Amino acid sequence: MQKLSFRDKIKEARINASDSFRGGKLMSSIFRPGSPFRKGYVDSPRNRSYVVMNNVLYHLHPVKVKRHGVRLSYTLCLGGLSFFLFIVLTITGIWLMFYFRPTELAYVDIQNLQTSIAFGSLVRNMHRWGAHLMVLVVFLHMSRVFYHGAYKAPREFNWVIGVILLLLTLLLSFTGYLLPWDQLAIWAVTVGGNMAGYTPVIGAQAKFGLFAGLEATTATLLRFYVLHVLFLPFIIVIFMAVHFWRVRKDGGISGPL
Amino acid sequence: MVDIPEHLLIRSAEARAKALGITVDQALAEMKGEAEPTVISKEPDVQVIDETPAPAAETPAPAAETPAPAAETPAPATTKKETPEEVEFAPEVKVTQRLLTVVKAKPIQKPVSEPVDKVNTWPHLMLPEFVSLMAMTAFLILLSAILQAPLLEEANPNVTPNPAKAPWYFLGLQELLSYWDPQIAGVMIPLLLGVVLWMAFPYIDRNPETHPSKRKFAIMFYTFFLAGAGILTIIGVLFRGPGWNWTYPWIDGIWFDDLLDWIHFE
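Predicted, not measured: the structure shown is a model, and the values here were computed from it.

Engineer: Can you walk me through the overall build of chain A in this structure?
Structural biologist: The helix and strand inventory of chain A stands at 12 helices and one strand. Shown N-terminal to C-terminal, the secondary structure of chain A runs as helices and strands in the order α-α-α-α-β-α-α-α-α-α-α-α-α. Counting only residues that meet the buried cut, chain A has 46% of its 257 residues in that class. Summarising the internal contacts of chain A: among those between residues at least 6 apart in sequence, 60% fall at separations of at least 24. In the structure as shown, chain A presents an accessible area of about 13500 Å², 69% of it carried by carbon and sulfur atoms.

Dropping the structure here:
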C-alpha cells in the first residue's frame, strides 16, 4: 500500500471533513433534500432542477423555461431589473431611515447625511437615481410587453396588475420626492397636489387628504413619509406577488412572435 | 343512420349469419332492411353459467354442454376444474353479438398544447439574469458616485420658484395643463386615458395575433402615445422657463432643478 504524503493526508482529511459537514445534521436541517449544499453539485439535469427547486428565491422561476425567453434580446431583462431595483431601493431606503426624521428637522437630516455620515451621500444618490431608473425601467417593461402583444389572452389580467404596479411605482416615487424637504421637493409636490385638486366633485377633499391640510406643510411630510416607507411598499409587494404568480400560471413568458 | 363502412357491415353480417345459421347474403339483406328478419328459432350458442352444477335454465339452452365453471364465487370445490380463460362479469346475461354503433376513429383526448422547446432555468436563465443585475448595480453605483442628487434651500412655502415644476414623469401632464382646462388635462386625461383605457386595453384589443405585422393599428397607437408623451415631457423639462414660457435650453439654460447638478457637474 502506497504511503500517503502529508499533503495528501491533509487533502483527504479536508475532503472527509467537508463531506461529513455537508452530510451532517446541521446542513441537513438547513437545506432541503437534493440541495447542492448537502450533497455537492455535479452538473446533471437532475441537479439543475434541484438548484431551482431547493431555493425559495430561485423558486420564483419554474425549473424549465421556453428557449426563446432566455434570449436577452427578447425581454432585455426589464421585468427582473424592475424587481431588482425595488430591492435595491428597499435596502438603501431602510438604511436612510436610520438618519431621517419626517419633521422640521428633515432638511437638516439630509444635510447631515450628505456631509457627516459615512457613505451617506452615495446611498442617498443610489436611492434617488435608482428611483428614477425604476420608473423608467417599469415603463420600458410595459412597452416591451405591449410591442410583443404579451397582454393578450390568457394574460389580460396580469396586464391590469402591471398597470397598477406602474401607478404604485409612480406614487412611491412621488411621495419620496417630498422627503428631502427642500424647495425642489415642496414645490413639485405642491404642483402635483394642486392637480389632484382639479378632480371633479371630490377635488377639494382629495387635495386636503393628500396635503393633510390646505397646503404642503410638515403634516404633509409625515403623511408622505408613512405612505412612502410603509403603506405603498406594503401594497406594491402584494401586487408584485400576484404579478409574478400570474406570470407562471398564465404559462410563463409569451411568444415566440 | 350512420354511414357504416362496408367491411364492418360484412363482418357483422358474418357474425349474424353464423349465429342464426343463415347465409351471409341473407344476413346482409336483413340488416339492410331488404329482407324479412329471420325469426330466431333457437337461442344463440352461449354458455349459461350457474352456481349450481348444470341446472336446467329458464330457457331451454341447448348449448350448455359443459358444466359451467363458477368463476366469481368460491363455490364448494365440486365442479371447479380450472380457472376459465375469460371471466365473464355478468354470467346470467346471455351474450349475443350485434352491431350497435360505429365509433369513428379519432383521438378521445384533444391535445391542447403543443410541446415547446424548453431549457433549464439554471443555468440558462439565471446566469444572464445575474449578469444583468450585477451590471445594473455597477451602473447605479457609478452613477451615484458621479452625480450628486440635488438638494436646494430648505422648503419655504413663502418663496415660490418660477417655474415650479413637478417630477419629470409628471411634466408631460403639466405641459398639457398649459393647453387645456385643468379638469380635462390634469384629471380626466390621466384618469381616463392613463388608467382606465390602459387597464382595459387587453379587453378592447381582441385581435389574437402577436406578430407586429398583423397588429399594425395597436403598434401605431402605442408608438404615437409614446412619442406624444415623450415630446410633451421633453418640452416640459427642457423648453419651459419662468411663467411657463417657451425657452431654448441652449440659449436660456435649463429651468429644471432636478437636473441642476447634472449640468454643473465638473
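Engineer: Which parts of the structure should I look at to understand the side chain of Arg-240 of chain B?
Structural biologist: All names here are of chain B. Among the secondary structure elements, Arg-240 is positioned in the loop between α7 (216–238) and α8 (249–252). Within the structure, the side chain of Arg-240 is placed 3.1 Å from the backbone oxygen of Trp-244, a separation counted as a polar contact. Ignoring sequence-local partners within four residues, the contact set of Arg-240 consists of Pro-163, Lys-165, Glu-175, Ser-178, Tyr-179, Ile-235, Asn-245, Trp-246, Thr-247 and Trp-255.

Engineer: Quick question: what am I supposed to make of the environment of Ser-20 of chain A here?
Structural biologist: By secondary structure assignment, the location of Ser-20 of chain A is in helix α1 (residues 6–22). A polar side-chain atom of Ser-20 of chain A sits 3.0 Å from the main-chain carbonyl oxygen of Ala-17 of chain A.

Engineer: Could you clarify how one ought to interpret the packing of helix α6 (residues 78–97) of chain A against helix α4 (residues 126–146) of chain B in this entry?
Structural biologist: The relative placement of two packed helices is expressed as an angle between their axes plus a distance between the axes. Following both chains from N to C, one finds α6 of chain A and α4 of chain B inclined at 50°, their axes separated by 10 Å at the closest point. When the interaxial angle is binned, α6 of chain A and α4 of chain B end up oblique. At the point where α6 of chain A passes α4 of chain B, the crossing takes the right-handed sense. Across the interface between the two elements, Gly-80, Leu-81, Phe-84, Leu-85 and Val-88 of chain A from α6 of chain A touch Ser-132, Leu-133, Met-136, Thr-137 and Leu-140 of chain B from α4 of chain B. Residues of the contact of α6 of chain A with α4 of chain B, tallied by class, amount to seven nonpolar, three polar and no charged.

Engineer: Would you take a moment to explain the packing of helix α7 (residues 106–116) of chain A against helix α8 (residues 120–147) of chain A for this structure?
Structural biologist: Residue and element names in this part refer to chain A. The contact between α7 and α8 brings their axes to 6 Å, and the two run at 120°. Taken together, the axes of α7 and α8 are oblique relative to one another. Counted together, Ile-110, Leu-113 and Gln-114 of α7 and Gly-120, Ser-121 and Arg-124 of α8 form the full contact between these two elements.

Engineer: Which parts of the structure should I look at to understand the interface of chain A and chain B?
Structural biologist: If you look at the interface, chain A gives 74 residues, while chain B gives 75 residues. Both faces considered, chain A and chain B share a buried interface measuring about 7100 Å² in area, 69% of it formed by carbon and sulfur atoms. For the interface between chain A and chain B, the tally reads four salt bridges. Its salt-bridge partner being Lys-152 of chain A, residue Asp-205 of chain B comes within 3.4 Å of it at the nearest N-O pair. For the pair chain A and chain B, the interface holds 39 residue pairs in polar contact (both at pLDDT 80 or more). At the level of elements, α4 (45–53), β1 (64–66), α6, α7, α8, α9 (156–178) and α10 (183–196) of chain A are the ones that each hand at least two residues to the side of chain A that touches chain B. The biggest single contributor to the side of chain A that touches chain B is α8 of chain A, with 18 residues. Bridge analysis of β1 of chain A against strand β1 (residues 118–120) of chain B gives three bridges, and the strand direction is antiparallel. When the bridges of β1 of chain B are listed, Lys-64 of chain A appears paired with Asn-120 of chain B.

Engineer: Quick question: what am I supposed to make of the packing of aromatic side chains here?
Structural biologist: Within a pair of aromatic rings, the relevant descriptors are the distance that separates the centres and the angle that separates the planes. Using the criterion set out here, one finds 28 aromatic pairs over all chains in the structure. Judged by centre distance (4.7 Å) and plane angle (20°), the rings of Phe-31 of chain A and Phe-37 of chain A are stacked. Overall, the relative accessible area of 23% leaves Phe-31 of chain A in the partly exposed class. With 6.2 Å between their ring centres and 90° between their planes, Phe-146 of chain A and Tyr-147 of chain A make a pair best called edge-to-face. Taken together, the ring pairs in this structure connect Phe-146, Tyr-147, Tyr-151 and Trp-159 of chain A together with Trp-198, Phe-201, Phe-217, Phe-221, Tyr-222 and Phe-225 of chain B into an aromatic cluster. Positioned over the ring face of Tyr-177 of chain A is Arg-128 of chain A, at 5.0 Å from the centre of the ring. Its end group placed over the ring of Phe-146 of chain A, Arg-215 of chain B keeps NZ or CZ at 5.4 Å from the ring centre.

Engineer: Please explain the nonpolar core as it appears in this structure.
Structural biologist: Burial of nonpolar side chains together is a common tendency in soluble globular proteins. In this structure, Leu-85, Phe-146 and Trp-159 of chain A together with Met-136, Leu-140 and Trp-198 of chain B are the most contacted members of the largest nonpolar core, which totals 40 residues. Put simply, the parts of the chain that give this core at least two residues each are α6, α8, α9 and α12 (218–249) of chain A together with α4, α6 (182–204) and α7 of chain B. Of all the elements, α8 of chain A adds the most residues to this core, at 10 residues. With residues up to four places along the chain from it excluded, the contact list for Trp-159 of chain A reads Met-142, Val-145, Phe-146 and Tyr-151 of chain A together with Trp-198, Met-199, Phe-201 and Pro-202 of chain B. Ala-106 and Phe-174 of chain A together with Leu-173 and Leu-232 of chain B belong to the second largest nonpolar core, which has 38 residues in total.

Engineer: Looking at this structure, how should I read the confidence of the model for chain B?
Structural biologist: Looking at chain B as a whole, its pLDDT mean stands at 79, while 75% of the residues score no less than 70. For residues 59–71 of chain B, every residue scores under 50 in pLDDT, and the model assigns this stretch 14 contacts once sequence neighbours within four places are set aside.

Engineer: Honestly, the pattern of salt bridges in this entry has me stumped. Any pointers?
Structural biologist: Where charged atoms from two side chains of opposite charge approach closely, those side chains can pair. Residues and elements named next belong to chain A. Tallying each qualifying case throughout the model produces 10 salt bridges over all chains. Notably, a salt bridge pairs Arg-22 with Asp-19, separated by 3.5 Å at the nearest N-O pair. Taken together, the residues span about one helical turn, with Arg-22 and Asp-19 both in helix α1 at a distance of three residues. Here Arg-22 falls in the partly exposed class, since its relative accessible area comes to 29%. The partly exposed category is assigned to Asp-19, whose relative accessible area is 41%. Put simply, Arg-101 and Asp-109 hold a salt bridge, and the shortest N to O gap is 2.8 Å.

Engineer: Help me understand α7 of chain B, please; the structure alone is not making it clear to me.
Structural biologist: Because the α-helix completes a turn every 3.6 residues, residues three or four places apart line up on one side. Compared with the 33 Å implied by 1.5 Å per residue over 23 residues, the 32 Å span of α7 of chain B between its first and last C-alpha is a close match. Within α7 of chain B, the full set of buried residues consists of Ala-218, Ile-219, Tyr-222, Leu-232, Thr-233, Ile-235, Gly-236 and Val-237 of chain B. Here the buried face of α7 of chain B lies against α8 of chain A together with α5 (171–177) and α6 of chain B.

Engineer: In this structure, what is going on with the side chain of Thr-233 of chain B? I would like to understand it.
Structural biologist: Residue placement: Thr-233 of chain B occurs in helix α7. Under the relative-accessibility criterion, Thr-233 of chain B is labelled buried at 18%.

Cut-offs used in this document
Residues numbered from 1 in each chain as written. Chains lettered and ligands numbered in written order. Predicted model: local features only at pLDDT ≥ 70, side-chain atom pairs only at ≥ 80, totals over all residues. Heavy atoms only, no water. Helix = DSSP H or I, 4+ residues; strand = E, 2+ residues; numbered from the N terminus. Buried < 20%, exposed > 50% of the residue type's maximum accessible area, 1.4 Å probe, protein only. Contact = heavy atoms within 4.5 Å. Areas by Shrake-Rupley, 256 points an atom, 1.4 Å probe, with all protein chains shown as cover. Polar contact = N/O pair within 3.5 Å; in protein donor to acceptor, adjacent residues only side chain to side chain. Axes fitted to C-alpha atoms, helices over the stretch in contact; angles between N-to-C directions. Parallel < 35°, antiparallel > 145°, perpendicular 65-115°, else oblique. Left-handed = near helix turned anticlockwise from the far one by under 90°. Nonpolar A, V, L, I, M, F, W, Y, C, P; charged D, E, K, R; others polar. Buried area = accessible area lost by both parts, 1.4 Å probe. Salt bridge = Lys/Arg side-chain N within 4 Å of Asp/Glu carboxyl O. Pairing = 2+ DSSP bridges. Phe/Tyr/Trp six-rings, centres within 6.5 Å; stacked < 30°, edge-to-face > 60°. Lys NZ or Arg CZ within 6 Å of the ring centre and 35° of its normal. Core = buried A, V, L, I, M, F, W, Y, C linked by side-chain atoms within 4.5 Å. pLDDT = per-residue confidence, 0-100. Expected span 1.5 Å × (residues − 1).

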